[in-house]
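Analysis of the macromolecular model
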Amino acid sequence: ELSPQEYFSSLQPGRASLAYFSHNVSPGAQPFLEQIENSAEALQDYGISVMKVNCPKEDVSRYCGKENAIRKAYLFRGSMLIREFPTDALFDVNSIVANVLFALLFNEVKYVETLADLHNIENALKGKSNMVFAYVPATGTAEHRAVMEAAFVYGTVHQFVLTTEAALLKDTGNDEPDVSSARLLFCHCQQATDPAQPCRRTAMEQALTMLNIHRHLKLMGAPLVTEVAEDPEKVSTIHLQLGLPLVFILSQKETYEADRRTAEFVAWQLLGKAGVALLSRDLVNLNILLRSNVALKTPDEGVPIKYLVLEDTGEVITLVEDKNKVEQIQEDEEEEDEEDKENNDQDIQDDQVVEAVSRDKKRELPLEQILVLTEDTFHSALLETARTVVLFYASWEAVSLAVLQSYTEVASHLKGTGGVLLSRLNCWDWPGVCTKENVTQFPTIKIYEKGERSVMYDGMWGTEELTSFIMLSRVSCPLKLATIEEAEGYLRGELPSELSSYHHTSVLGVFSTATSEAREAFEEAGNILSGHVTMGMYFEDDALALSRKYAVSPPALLLARSGSQSVEGIGLSKQSVQDMVQMIRYASLDIFPEITVQNLPHFLQLRKPFLILFSDGDISQMESEEMLKLAKGRTRQALVACWLNLKRTPVGRGVLKAYFATVPSLPVLVWVNLHAGGQVFKFPAEQTIAEPNILSWLEKLKAGLEIPSSTLSEEDWKPPLPAYDFLQMMEKAVPEVPLHTSHHHRDTPARHPPESSGGDVTVREEPSQDTKAEKVGSPGRDLRGTAPRLAAREKQGRRHSEL
Amino acid sequence: LGLALYTGSLCAASGTAFLYHDYCVIGAGPSGLQAAYFLQQAGRDYIVFERSHAPGSFFALYPRHRKLISINKQYTGKSNSEFNLRHDWNSLLSHDPRLLFRRYSRDFFPDADTMVRYLEDFASLLELKVQYNTAIIHVTLERDEQAWNGHYFLLTDQDRQIYKCSSLLVATGTWVPNVVNFPGSEYVEGYETVSINPEDFAGQTVLILGRGNSAFETAENILGVTNFIHMVSRSRVRLSWATHYVGDLRAINNGLLDTYQLKSLDGLLEGDLEDLAIVKDKKGKLHITLRFYLENRNTSAGINSITLPQDELDNFATRAPYDRVIRCLGWKFDFSIYNRSLRMMPGKGNKKKYPQIKPSYESRGTRGLFVLGTASHSVDFRKSAGGFIHGFRYTTRAVHRLLENRHHGVPWPSTVYPITQLTNSIIKRVNEASGLYQMFSVLADIILLRENATAFEYLEEYPVGVLAELEVQTGRKAPNGLFVIIMEYGRNFSGADKDVFYYNRAVGEAQHAWQSNFLHPVIYYYKHLPTEHEMRLRLPDWPLPHPDAVHHIVEDFLTDWTAPNAHILPLRRFLENCLSTDLRNFFAESCFLFAFTRQKLPPFCQQGYVRTQGLVGSEGLRRHAVQAGLLEDYALTDFSGDRPPDSRHGSQDQLLRDHVIPVRPLQHLVNTKDE
């Protein structure tokens, strides 16, 4: 409370002040004085002082002296009068603050009355700055104050435009505007380039309060889409800080551009309601990310991120816009998730063989070459041909059917080969034969020799292997060679001539007449190996001559590998059949083989580490020689040296990717111990593949001086997906199921079906629409007419049932 | 065996007047001959006693009207002999294909004479040891600690010849007619003797007591010539197609239901026969009254003094007099020949016509005494088929297997398979096994798991009621958990007064399989063999105690459970989750990749590929697998090696249809729903 002199002398340049000049305390001014006192603090925040100037009685100066002065308040900036307010316009704190700021922020807040004015301002702003357009039904309201207060803070950043004209609201895209409530729109004019188009607008949904406007403007200022490359749990943006959810659009490198567009589209829709972030799956290694495409993070602490699979952008919007729907969608999602787990994924065939066979079921197989056997024809058919191959299978079983396909290929290969009949017997049609023939697994292939023994095929279920087996088992094993010339021819792979294209290693047993025990074991071994190995034997008197030629003493084995001129000689020291089988198997393996899908099992059985040269195509002569040297050397006992042709065995790429994440430059030499530890080592690329280098590298490996490139997973093979939990479903539906007690009321004859046990009711509680419809429609189920029927039954009972 | 030899020589040495056999079978009906067949096949010392001069003496008389109601299906469209037995209700089990009933009759409901001829052939072709014209009139025990069961059975025939046996198999069926005694029951004719010539009933009014197949069969025969037929019984009529029980009224006999419901004078009544009384008037007409009125009457007075119900209630239903009253009340077991020491007790309630036996078919009173055939029906009365040829031929085999194990140390036959054959072996059995199918909820296949679940042992058709005793009864061990494969109807589906034709009665989707109503396979998993205690605490409708997990294979309209996605896949998932392993099949190429990139291999690769039995597969199949996304084609990925195989470019909309959303399979064709 100052005197006029004091007041005017206190005014500082540039500082605003609101003054009320009062004479005696007139009772009419009292309420106004209270209001202006209350507003002092609020205005103080904006650097505006509020003064009450006590006019001396005799003062007739400009402000004190006027008749109506007491009905006015004056706003000064410095000593300059800005505006005079009638006291009835300053009816409360809001109106005081609103009007005072409105007056002071004359440039920052443009008041418009017509659409044309609005558009002019908007157009002028395009490309320069954004606009905040506010409609208040009247000035001096709380909303007006809030807008002004916001303008005080943001007025230099955005152009504020105010109107009280309801007509202008129509321009905001709202056809039926509620003129009684204030609105605020953020117009994104800065980015607007097209002069013909109005700026994009984002209406504020909340009530016009200072805080809300502040929030809204903050949000408008935030980047449209935030790019994120970390665990979403750790991400925080202004949206979350302001209590809004954050939507993650999960992207990956390949679809980044499209995802970015989606994110922006969604972000525009959600502007002011939620934040949008674009998250790269590639950069964040979270499994959950692979199953979903959208994540929602809520500002509430401790609430985990929801990962969702949504169909379109509309769902994302609904997700945020409608709280109730959020809950619902989440529930649905959970249910769906559950169902996904229970139904969809589980329903989908994940067995590659079954799926492949069922995708192929409509194709008719060329089975003409294969004789169909029945219980009645089985035995007679076996007697007709020297060798009958029988495929025992089950027509519903996928592996059988896959083998049947290869079998048809075998049949076409062997077409015209005499003495072999290919046939099949469906154990689903003729279980008796299969049981009698001791077929316990599907499929089984047996080769029956006319009137003699049968051999069960125990090789790969592949066309080549089976063809070769059938062909090789046509010749007696071992083949008795009569002359030394025959024996030599045999070793050259010329004998028996029809097999020259099938075998690669010929094994010749050389026995003197004295070594009958070894010879018998060899013959027995031949029986076992029949079909897999070609074996010959020579035990004529001049066997010694043969053995001397190859520097062995009988009993001995001579090995001739196809493609190699040399003949290896091995003395037969062990005489048991098993040992001999083992030895022949081992000896007939190649020294430096090309590993293939088909031959790997033979080498796996050795249970040694592998040294594999991966090559894209054939390996060079030099590499081959070096590796062969190595393989023949002392390492032979310690490892399997082999090479892999990625052209022939493309799955080798999968192996390399598993080892090194990408396919390294080829050729690459890898040491892997499949049977102990599973460590994988890569031969340094800078070293040349030469025996000494490799040997010293192997030494280093052994000494533990090298770091493995990777280690093979030790993980067990678990069920790929869960099963239907029928027990749980039953327990849910029939509460008595989990009870291990017998406290269950027993069936009584008096019980009628409609009110029968819980099980019955609950079973019927899950009817599909049809059941419900039927229940409604069928007579006798609704309640209408129940009473007469009951009466009728009673009557009938007395007359009829009780004799 | 040593014991058997010992007891054998003991008998020979003592040289007494009795004849000794390890096994005595009483009765050369279907079950007696069936038991004889198995004993013969096993080379056991046995004898069958038959009081008649030929086998199947019951069938020589009954059914009176000679039409068997067991179906004899000529064609099923399948050649699988085991499967076809599911629809052949008359053949006994044997290795001889000549002894299939369809070779004896082409009738769907064959003549009973054919059955007699069949049984004669069965006994003679298989050279079964049957002693005819030998009526066992008394059975008693002789205690002897050396005996298999602590006692011998001494059987006396009509000529006082005594036979001594270590084990007694009772296959006498139920042949003693059920009779009721009430005032006037002397006027009642029995089913056994009543005329089967319709002419004899011309223009007569007939009352039939009873409501079983024999009652309806009798009615059927005379339906066309009588004035009307009334049928009285305590219980409501139970229709076989509503109860799924073949002993209830079969549709072939239900002509009277038709004429009753269409108001063609015939009728059905409910009432207790014990309360009944029959009075004969001077004209020989039979009047129905109540025992109650007779008890109060003046004994000296004649017929006119007897109160008839219609005197008080003038519209009393059976006020019209009858010309004949026929009793068709079925039969019961002959308890009379057993000494009290055998404690052959009648069952309780509606099972009182059968002797009390355990679920192993052994008498509750006497060890070593087994009841076979119709007389053994108390185990599954009104549930399964154990009282009929097509059921007890399997239970008889089960009893034989129990005996082989108990007395001869021959364990229950079983086959050991690698675990990769688990799904297959179950699918094979549920699709063809006839014993499981006929004796649903009674006989079950058992899978005993070997250690680490790498292999399993398969036992067929074990009586599920004695599951707890499995190790003792079969000689097989079950330390690592087991699966029980059984067939079931939906609980609460069947019943005497249930509507079995309601809409949506059939479940079509695998995920709702547990609600299947028609006969379908159910697999129970137990980590440990259930104990006796757990067996006793079974829920009333459950054949087995609470399992650790259970799987239902969804019911199938064709009873063909070989659909890869609806039947086999869910089963595989169930087995995988019970065993905690991966039972998928893999092509050799996948196994190759696993062998080089994983330290452990899935069972299919471990037991196949590694043992050089890999599934190479044709090029076409590999291509299908690649297209299905289940096999990666590395030959094609040269240029985009790092790209995840499943990523796809797409527009905004496509993108949000996330790439991991799987392709939904086509809707299954729903079976009966769409009828």
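A quick note: this is a predicted structure, and the numbers were derived from the prediction, not measured.

Things to note about helix α25 (residues 726-733) of chain A
Of all the residues in α25 of chain A, the buried ones are Phe-726, Leu-727, Met-730 and Ala-733 of chain A. End-on, the buried residues of α25 of chain A take up no more than an arc of 135°, which puts them together on one face.

Section: the domain arrangement of chain A
All names here are of chain A. Annotation of chain A at the domain level lists domain 1 (4-92), domain 2 (107-220), domain 3 (222-327), domain 4 (366-472) and domain 5 (590-714). Of note, the centres of domain 2 and domain 3, computed from C-alpha atoms alone, are 29 Å apart. Counting residues at the interface gives nine residues for domain 2, matched by nine residues for domain 3. Of the roughly 970 Å² buried between domain 2 and domain 3 on both sides combined, carbon and sulfur atoms contribute 65%. The largest contributions to the domain 2 side of the interface with domain 3 come from Arg-200, Arg-215 and Leu-219, which together make up 54% of the buried area. The interface formed by domain 2 and domain 3 holds zero salt bridges in total. Counting the contacts that link domain 2 with domain 3 gives three residue pairs in polar contact (both at pLDDT 80 or more). Going through the elements one at a time, β9 (200-203) and α6 (210-221) are the ones with two or more residues in the side of domain 2 that touches domain 3. Per element, the largest residue contribution to the side of domain 2 that touches domain 3 is four residues, and it comes from α6.

Considerations on the packing of helix α2 (residues 30-41) of chain B against helix α11 (residues 389-408) of chain B
All names here are of chain B. Their axes nearest at 9 Å, the elements α2 and α11 cross at an angle of 35°. Pair α2 / α11 crosses with right-handed handedness. Of the residues in α11, those in contact with Pro-30, Ser-31, Gln-34, Ala-35, Phe-38 and Leu-39 of α2 are Ile-389, Phe-392, Arg-393, Thr-396, Arg-397 and His-400. Looking at side-chain class alone, the contact of α2 with α11 contains six nonpolar, four polar and two charged residues.

What about a positive patch on the surface?
Taken together, the side chains of Lys-348, Lys-358, Arg-364 and Arg-367 of chain B define a basic patch exposed on the protein surface. Position of Lys-348 of chain B relative to the elements: it lies in the loop between β15 (331-332) and β16 (369-371).

A short note on the confidence of the model for chain A
Caution applies to low-pLDDT parts of the model: their predicted coordinates are not meant to be read in detail. Mean pLDDT for chain A: 78, with 83% of residues reaching 70 or above. Considering only residues more than four positions removed or in separate chains, one finds that residues 739-803 of chain A, a stretch of pLDDT under 50, has 58 contacts.

Comments concerning the sheet that holds strand β12 (residues 275-280) of chain A
All names here are of chain A. The strand order β10-β12-β11-β13-β14 describes an open sheet built from five strands, whose pairing is mixed. In this open sheet, the two strands that pair with only one neighbour each are β10 (225-228) and β14 (306-308). Between one strand axis and the next, the sheet turns by 25° as a mean value, whatever way the strands run. One ladder, built from four bridges, connects β10 with β12; its direction is parallel. Bridge pairing in β12 places Val-225 opposite Val-276. The sheet contacts of helix α8 (residues 256-270) involve β10, β11 (246-251) and β12, and relative to β12 the element is tilted by about 165°. With respect to the sheet, helix α10 (residues 313-321) is in contact with β11, β13 (294-297) and β14, its orientation differing from that of β13 by roughly 10°.

Observations regarding a negative patch on the surface
Taken together, Glu-485, Glu-540, Asp-541 and Asp-542 of chain A make up a surface patch of like negative charges. Here Asp-541 of chain A lies in the loop between β22 (534-538) and α19 (543-549).

Here's the deal with the sheet that holds strand β23 (residues 556-561) of chain A
Residues and elements named next belong to chain A. Spatial strand order, β20-β22-β21-β23-β24: five strands in an open sheet with mixed pairing. Only two strands of the sheet have a single partner each, and these edge strands are β20 (479-480) and β24 (567-571). Bridge count between strand β21 (residues 505-510) and β23: six bridges; the pairing is antiparallel. Pairing of Val-510 across the sheet is with Ala-556, part of β23.

Looking at the nonpolar core
If you look at the biggest cluster of nonpolar residues, it comprises 103 residues, and the most contacted ones within it are Val-139, Leu-155, Leu-467 and Val-484 of chain B. The residue makeup of this core includes at least three contributed by each of domain 1 (19-175 + 332-403) and domain 3 (414-568) of chain B. Among the nonpolar cores identified, the runner-up in size contains 94 residues, and Tyr-457, Leu-558, Leu-604 and Phe-610 of chain A belong to it.

Thresholds applied
By convention here, each chain's residues receive numbers from 1 onward along its written sequence. Lettering for chains starts from A, numbering for ligands starts from 1, and both go in the order in which the items are written. Local features in a predicted model are, by the rule used here, given only for residues with pLDDT of at least 70; side-chain atom pairs are given and counted only at 80 or more, and totals for whole chains, interfaces and linings are based on all residues. Values shown for side chains rest on all heavy atoms present in the structure; no hydrogens or waters enter the calculation. The buried label applies to any residue whose accessible area, calculated with a 1.4 Å probe on protein chains only, is under 20% of its type's maximum; exposed applies above 50%, and partly exposed to all values in between. Put simply, DSSP marks the helices as runs of H or I at least four residues long and the strands as runs of E at least two long, and each gets a number from the N terminus on. The directions from the helix axis to the C-beta atoms form the arc being described. Note that the domain bounds were set by an automatic or database domain assignment. Pairs of residues are marked as contacts when any of their non-hydrogen atoms sit within 4.5 Å. Here the quantity called buried area is the accessible surface, traced with a 1.4 Å probe, that two parts lose on coming together, added over both. What makes a salt bridge here is a side-chain nitrogen of Lys or Arg within 4 Å of a carboxyl oxygen of Asp or Glu, nothing more. In protein, a polar contact means a hydrogen-donor-capable atom and an acceptor-capable atom, both N or O and within 3.5 Å, with residues adjacent in sequence counting only if both atoms are side-chain atoms; elsewhere, any N or O pair within 3.5 Å suffices. In this analysis, axes come from line fits to C-alpha atoms, helices being fitted only over the stretch in contact, and the angle between any two N-to-C directions falls in the range 0 to 180 degrees. Helix crossings are classified by the rotation of the near helix relative to the far one: an anticlockwise turn of less than a right angle makes the crossing left-handed, while a clockwise turn makes it right-handed. Only Asp, Glu, Lys and Arg are considered charged in this grouping, and only Ala, Val, Leu, Ile, Met, Phe, Trp, Tyr, Cys and Pro are considered nonpolar; every other residue, Gly among them, is considered polar. Residues enter patches when their relative accessible area tops 30% and they take part in no salt bridge; the joining distance is 9 Å for like charges and 5 Å for the nonpolar side chains Val, Leu, Ile, Met, Phe, Trp and Tyr. Each accessible area is a Shrake-Rupley estimate made with a 1.4 Å probe; only the visible protein chains count as cover when residues are assessed. Residues scored as positive are Lys and Arg, those scored as negative are Asp and Glu, and His as well as the terminal groups of each chain are ignored. In this description, the location of a charge corresponds to atom NZ of lysine, CZ of arginine, CG of aspartate or CD of glutamate. What pLDDT expresses is the predictor's confidence in each residue, scored from 0 to 100. Two strands make a pair as long as DSSP finds a minimum of two bridges between them. We call a set of buried Ala, Val, Leu, Ile, Met, Phe, Trp, Tyr and Cys residues a nonpolar core when their side-chain atoms join them within 4.5 Å.

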